[in-house]
Amino acid sequence: MSDAPITEADLHAYADGRLDEARRQAVEAWLAARPEESERVADYRRLTDGLRGAYDTVLDEPVPERLRQALRPRLQLRRFAAVAGWFVLGIAIGVVAGWQLHETRPAAAPAADAGAAMAYRAAIAHVTYSPEVRHPVEVGADQEAHLVAWLSKRLGAPLRAPKLEDVGYSLVGGRLLPGDSGPVAHFMYQCKQGTRVTLYVRTEAASNRETAFRYSEEGKVRVFYWIDRKLGYALSSADISKDDLFKVANAVYQQLNP
Amino acid sequence: MNEAQRLVELTPRLRRYARALVGDRATADDLVQDTLERAWAKLHLYRRGTDLRAWLFTVMHNVHVNRVRAARPTDTLEDEMPELAQRAPQGDGLLVRDLDRAIARLPAEQSAVLLLVTLEEMSYEEVARTLGIPIGTVMSRLSRAREKLRAMMLGQAAAAKLKLVK
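Described in the following lines is the structure provided in the data block. What you see is a predicted model; the values in this text were computed from it and never measured.

Cut-off values and rules
- Residues numbered from 1 in each chain as written.
- Chains lettered and ligands numbered in written order.
- Predicted model: local features only at pLDDT ≥ 70, side-chain atom pairs only at ≥ 80, totals over all residues.
- Pairing = 2+ DSSP bridges.
- Helix = DSSP H or I, 4+ residues; strand = E, 2+ residues; numbered from the N terminus.
- Contact = placed C-beta atoms within 7 Å.
- Axes fitted to C-alpha atoms, helices over the stretch in contact; angles between N-to-C directions.
- Core = buried A, V, L, I, M, F, W, Y, C linked by C-beta atoms within 7 Å.
- Buried ≥ 20, exposed ≤ 12 C-beta atoms within 10 Å, placed from the backbone.

### With respect to the sheet that holds strand β6 (residues 221-228) of chain A
Residues and elements named next belong to chain A.
(1) Moving on: Taken together, seven strands build an open sheet; the order of strands is β1-β2-β3-β4-β7-β6-β5 and the sheet is antiparallel. Lying at the two open borders of the sheet, with one neighbouring strand each, are β1 (139-140) and β5 (214-218).
(2) Moving on: In the sheet, β6 pairs with strand β7 (residues 231-237) via seven bridges, with the strands oriented antiparallel. Within β7, the residue paired with isoleucine 227 across the bridge is glycine 232.
(3) Moving on: Contacts from helix α7 (residues 144-155) reach β1, β2 (170-178), β3 (183-190) and β4 (196-203), with the element oriented near 25° to β2.

Structure, rendered in structure tokens:
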């Protein structure tokens, strides 16, 4: 076969070192008489070296935590199953409570009910993620721009992670959560003492325009929640007073409505 | 269990390929994350005894193609792609940034072939299997990808020479 005509494929196989000895020699002899083709093949090799030189360093980088997490879905699945269980329970309670409300107070505003349901979900998310030591967030504050862009894309609305340094909290990072009508963004903040507050943000049906701050206590978790244009917000904490949480909620609101 | 361990071992290679394919680190890791999650969920479809690496890169290729397709309506990359004018004043190695730009200008099916051959050092048959295309197509895409990158490199070298002469 070594006397078969040299093809374009042969030249690439030669540049890639994939030819057997006989064929390699045939290609070399062919190239020796053709300086331009020879230069072209040399460029292909330089290109390969360039690619290896440029990207092989990635192999030595530590694998980010979120990628290692991607291969531990069993654990996550259990966690999500637990959260989902709470959701189902929450919906069941909501249905019963809603039905009772309907019996006694037929005029209850649907927006308020939706808000209360959001506060409940936000509280569950808070108790689920805020005690996490190693994996409190999916994407850390060191990649804030990416985090915000990602969550904005998934929610289909431009989000911002408010800056809360003035009230003593800095961004830890955030994650994407499943909500009952679509993806939910979850931002976590922490003060110097390690106390955490979480901001739960979801898109709202167009009918729910705007509400004032509302307050709710879900077990040990205090939640301020409100709806502003297309987004619903719920700020949760289990560790700070209602007054302090209100200050943070106010700061969030001011930041998002300058 | 064995497959899971292999997925962990292959993760750095997925990251290398993804970085070369999409350029920036965060987007590349998003691609790897989607790939790993999908591979993990679909692991029951992997046939034991076949090449897990090829299977994994097949998953990544499909995820990438879907992501590119989904992103296209808002993707202005091609319009805003700057000319390849910046080059290191000395040194003959291509800058990573130049390579990122050059690869971004290749059609996705060509860059996939090029990167599997050069970075992953897959045989042409493995590339054909991984991408689900005939081997003749592998060779023609490899050839086109290399010719385009080479033209860009030569264009840059010519531009650099002009500057020096001037």
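Resuming the write-up.
### Quick notes on the nonpolar core
(1) Moving on: Judged by nonpolar contacts, the single largest core of 51 residues is most densely connected at Ala18, Ala20, Val113, Leu115, Leu116 and Val127 of chain B.
(2) Moving on: When residues of this core are assigned to their parent elements, the largest contribution, seven residues, is made by helix α1 (residues 2-22) of chain B.
(3) Moving on: The contacts of leucine 116 of chain B, once residues within four sequence positions are left out, are Phe57, Met122, Val127 and Thr130 of chain B.
(4) Moving on: Judged by nonpolar contacts, the second largest core, of 41 residues, contains Ala117, Ala185, Tyr200 and Tyr225 of chain A.

### Considerations on the environment of arginine 222 of chain A
Residues and elements named next belong to chain A.
(1) Moving on: Relative to the elements of secondary structure, arginine 222 occurs in strand β6.
(2) Moving on: By the C-beta count within 10 Å, which is 25 here, arginine 222 ends up buried.
(3) Moving on: In this structure, the C-alpha to C-alpha distance between arginine 222 and serine 236, residues 14 residues apart in sequence, is 5.6 Å.
(4) Moving on: Not counting chain neighbours up to four residues away, the residues in contact with arginine 222 comprise Glu217, Ser236, Ser237, Lys242 and Leu245.

From the geometry alone we can't say anything about function, so treat these as descriptive.
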